Amino acid sequence: MVPVHRVPAFTDNYVWLFEYAAGRCAVVDPADAAPVLAAVERLGLRVSHILNTHWHPDHVGGNLAIREATGCTIIGPAREQPKIPGIDRAVDEGDTVTLGEHRGNVLFVGAHTAGHIAFHFPSASALFCGDTLFAMGCGRLFEGTADDMFRAMAKLKALPPETRVFCAHEYTLSNARFAVTVEPDNAALHARFEAVQKARAMDEPTVPFTLAEELATNPFLRAASVAELAERRSAKDVFKG
Ligand code: ZN
Ligand code: FE
C-alpha cells in the first residue's frame, strides 16, 4: 500500500504527505509550512508537489513557504485560481495529475466552496477530499447549495468502496454524535461511534477511513434526496454535541 503520512496542524487540521514514490511526496492541503517541513525532514522525503482542494487559508497557508523551501509545483482548483497562493497549474473535473506511476483524477465537488476539487488516485486507493466528505459528516455549505453537495456526494459514492478517504479535519467525534441522532437504529453507526469515542479518548486519529464505512454510516452520503441532505446539514449547523 502506498504510504500516506499524516501531519497534524493547528487545532484539528490534517495535512497529508502522499509518498507516491520512494523518498518523494506530494503535500495535500498544507495548512501551515512549519509542521510540514519538519515532517518531510524527519521522514527524509522530497516534496515535488502541493495539491490544494480549495482556497480556505487552513488548506493553502503553507503553499508559498513550502515552495520556497523545496521548489515544488503547486496544483489547485481552476475555479478558485485567483485565491490560491502561488498556483502553478490550475485543474478541474476530468484533468489528471501524474505523480510517478500514479495517475490521479480530478473531481469537481464544489459545495463547501464554489470551486472545491478532490483528487482520486485509483492505483493508490486514495481519495483526498479536503472539506467535502468527513467521517460521518460533510463540509459546511459556505459557497454552494445542498444540491451541489448532493451531487458531490453522488460522485464520491461511485468510487470503489475500498477507497481510503483522507479528509482534512478531525471532526469525527462531533459528526458521530450528530449522526446517531439522525439514524438511531443504524447498528453499524453505533458500533463506529463507540470505536471513535475510544480512539479519541486515547487521542488517536480517526482518519483515514474507507468509503465503505461511510456508505454504511454517513448520514450525508446516505441522504436519499437533496431535501433530506439539506435538512440534515441545517440541523448539524446548529447541533450542540
Ligand atoms: Zn474549508
Ligand atoms: Fe478546512
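Since this is a predicted model, take the numbers as computed values, not measurements.

Asks: Mind showing me how you'd approach the sheet that holds strand β5 (residues 73-77) here?
Replies: Consider a sheet: its strands pair through backbone hydrogen bonds, and that pairing is either parallel or antiparallel. Here six strands make up an open sheet; going across it, the order is β1-β2-β3-β4-β5-β6 and the pairing mixed. The two strands at the open ends of the sheet, each matched to only one other strand, are β1 (4-9) and β6 (89-91). Strand-to-strand twist across the sheet, computed as the mean angle between neighbouring axes with direction ignored, equals 25 degrees. Pairing of β5 with β6, which is carried by three bridges, proceeds in the parallel orientation. When the bridges of β6 are listed, G76 appears paired with A90. Helix α1 (residues 33-43) rests against β1, β2 (13-21), β3 (24-28) and β4 (46-51) of the sheet, and its axis sits at about 145 degrees to β1.

Asks: I tried to follow the state of the cysteines on my own but got confused; where do I start?
Replies: A covalent bond between the sulfur atoms of two cysteines is referred to as a disulfide. Considering all chains together, one arrives at zero disulfides under this definition. With no disulfide of its own, C72 lies closest to C25 among cysteine sulfurs, the gap being 9.1 Å. Judged by relative accessible area, which is 3%, C72 ranks as buried. No disulfide involves C138; its sulfur sits 11 Å from that of C129, the nearest cysteine.

Asks: What's the story with the sheet that holds strand β13 (residues 164-167) in this structure? I'm lost.
Replies: If you trace the six strands from one edge of the open sheet to the other, you get β7-β8-β9-β10-β13-β14, paired in mixed fashion. Each edge of the sheet is formed by a strand with only one pairing partner; in this case those strands are β7 (96-99) and β14 (209-210). The pairing of β7 with strand β8 (residues 102-108) spans four bridges and is classified as antiparallel. Looking at the pairing, V97 lines up with G104 of β8.

Asks: Looking at this model, I keep getting lost on the coordination of the iron ion (ligand 2). Mind explaining?
Replies: Between any two of four tetrahedral donors, the ideal angle at the metal is 109.5 degrees; between two of six octahedral donors, it is 90 or 180 degrees. The coordination sphere of the iron ion (ligand 2), as far as protein atoms go, consists of D58 (OD), H59 (NE2), D131 (OD) and H169 (NE2), spread over 2.1 to 2.3 Å. For the iron ion (ligand 2), the four donor atoms are set out with angles of 84 to 170 degrees between them, so the coordination reads as irregular. Coordination of the iron ion (ligand 2) draws on donor residues from a single chain, spaced D-H-x71-D-x37-H in sequence. In this structure, the iron ion (ligand 2) is positioned 3.2 Å from the zinc ion (ligand 1), and both are ligated by D131. A relative accessible area of 0% places H59 in the buried class.

What counts, and at which threshold
- Residues numbered from 1 in each chain as written.
- Chains lettered and ligands numbered in written order.
- Predicted model: local features only at pLDDT ≥ 70, side-chain atom pairs only at ≥ 80, totals over all residues.
- Heavy atoms only, no water.
- Pairing = 2+ DSSP bridges.
- Helix = DSSP H or I, 4+ residues; strand = E, 2+ residues; numbered from the N terminus.
- Axes fitted to C-alpha atoms, helices over the stretch in contact; angles between N-to-C directions.
- Contact = heavy atoms within 4.5 Å.
- Disulfide = S-S within 2.5 Å.
- Buried < 20%, exposed > 50% of the residue type's maximum accessible area, 1.4 Å probe, protein only.
- Donors = N, O, S within 2.8 Å, 3.2 Å for Na, K, Ca; no water.
- Tetrahedral: all angles 85-135°; square planar, octahedral: opposite > 155°, others 65-115°.

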